[in-house]
Amino acid sequence: PAAYGLGGTEATVTDAALVLGRIGHGAGLGEDMALDRSAAEVAVMRAVGNPLGLDAQAAAQGIIDMATAGMARTIRSAALSRGHAPARLPLVAYGGAGPLLGAGVASALGMHRVVVPAAPGTLCAQAILVSDIARDFSETRIAPLADSEHDAPTDVFQDMLTEGAAWLTSEGIDPAHHRFDCAIECRYKGQNFELSVPFSISEDTGQTLRSSFDAAHKQTQGFSLLDRTVEAVTFRVRARSDTQSNAPRLSQASAGAQSDAASHSVHFDGRNWPTRVLPRSALGNGDTLDGPALLEEATSTTVIP
């Protein structure tokens with residue numbers, strides 16, 4: 001977890017969340033694990049509260065606010081660099097801290113929906129299990145991109161396609177399941193960076209590639225130079241299998257247990273609120289839950305302000 005502090009001492013986001021009562025109620029920790037709230041308060045006061053003259057809850061909230069602002073700044077930069085407005089997108093909150101801070105990060109970005117997958121702390125591991133078997137191949141060959149409707153740079157891909165097919169076969173993948181994704185990194189002549197543009201060998205031409213690059217440049221950079229020569233720089237092929245992975249199925253939630261939720265005092269917006277704390281499995285498909293509430297599971301806690 002990220003650490004924050006002054007004067008050479010540090011406290012973590014975990015310490016701050018524990019001081020605020022947002023974690024540590026036990027539903028997701030197991031019988032042999034407990035969190036020490038007193039120790040977390042000592043860490044938060046030593047790192048932030050005492051130097052700034054704040055009480056433990058105000059100092060902890062400051063740590064959460066800094067972590068939230070840092071995440072929001074990074075997401076905003078990444079989205080805008082790709083030509084996307086964060087406010088038009090949902091936020092997927094995963095990992096251990098994602099569901100803990102997701103609602104605050106979304107609010108800072110003007111986003112209106114947060115998606116928290118089941119078992120969010122293991123989402124990346126699950127992704128490995130369901131990902132295609134794949135390998136990337138590339139060749140750099142700088143050349144002006146012809147605008148001709150009939151002239152397409154397909155010959156550059158042939159060696160990579162052959163090599164990719166041989167690799168997939170060596171991995172035991174039947175040729176019927178071989179798939180190839182092609183792309184060309186292009187730039188306007190004189191630029192020192194490239195943009196990757198998908199390319200279909202069977203459908204695209206030099207003309208359609210030029211149009212796709214102009215559109216991609218306008219989306220990511222805000223403008224296009226229709227009278228400027230476009231150069232193809234790097235040709236890329238991803239060889240992959242489309243076979244389905246045998247990923248484990250996550251157990252379905254069991255509805256009807258919300259009435260058994262415990263109530264704890266949790267700090268939000270400068271005061272303590274009676275807050276429902278329940279296992280995520282208590283929510284069934286289609287159930288709704290008003291905040292403030294905490295949904296606990298083994299890999300994370302989802303905070304609903």
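On a predicted model such as this, the values are computed, not experimentally measured, just so you know. (Residues numbered from 1 in each chain as written. Predicted model: local features only at pLDDT ≥ 70, side-chain atom pairs only at ≥ 80, totals over all residues. Heavy atoms only, no water.)

Draft legend 1. Quick peek at the pairing of strand β9 (residues 262-268). Here β9 runs beside strand β10 (residues 271-279); their pairing, made up of 7 bridges, is antiparallel. If you follow Ala-262 over to β10, its bridge partner there is Val-277. Connecting β9 to the antiparallel partner β10 that follows it, the hairpin turn spans 2 residues, and Asp-269 within it adopts a positive phi of roughly 50°. (Pairing = 2+ DSSP bridges. Helix = DSSP H or I, 4+ residues; strand = E, 2+ residues; numbered from the N terminus.)

Draft legend 2. Representation of the sheet that holds strand β11 (residues 293-297) within the structure. In spatial order, the strands read β9-β10-β11-β12; together these 4 strands make up an open sheet with mixed pairing. Two strands in the sheet have a free side with no partner beyond their single neighbour: β9 and β12 (300-304). Going from strand to strand, the sheet's axes swing by 30° on average, the running direction of each strand aside. Judged from the 4 bridges that link them, β10 and β11 form a sheet pairing that is parallel. When the sheet's bridge partners are listed, Leu-278 is paired in β11 with Leu-295. (Axes fitted to C-alpha atoms, helices over the stretch in contact; angles between N-to-C directions.)

Draft legend 3. Fine view of the environment of Ser-202. Along the chain, Ser-202 turns up in the loop between β7 (195-199) and α7 (206-221). Accessibility expressed as a relative area gives 69% for Ser-202, which makes it exposed. Sequence separation between Ser-202 and Thr-154 is 48 residues, and the spatial gap between their C-alpha atoms is 9.0 Å. (Buried < 20%, exposed > 50% of the residue type's maximum accessible area, 1.4 Å probe, protein only.)

Draft legend 4. Representation of the packing of aromatic side chains. If you walk through the whole model with that rule in mind, you get 3 aromatic pairs. On the numbers, 5.7 Å between centres and 15° between planes, the contact of Phe-157 with Phe-199 is stacked. Of this pair, Phe-157 sits in the loop between β5 (134-144) and α6 (158-170) while Phe-199 sits in strand β7, and the two are 42 residues apart along the sequence. Both residues of the pair, Phe-157 and Phe-199, count as buried. When the centroid spacing of 4.8 Å and the interplanar angle of 70° are considered together, the rings of Tyr-188 and Phe-213 count as edge-to-face. Of this pair, Tyr-188 sits in strand β6 (residues 178-188) while Phe-213 sits in helix α7, and the two are 25 residues apart along the sequence. Judged by its relative accessible area of 0%, Tyr-188 is buried. Since its relative accessible area comes to 0%, Phe-213 is described here as buried. Counting every residue linked through ring pairs, the aromatic cluster contains Phe-157, Phe-199 and Phe-235. (Phe/Tyr/Trp six-rings, centres within 6.5 Å; stacked < 30°, edge-to-face > 60°.)

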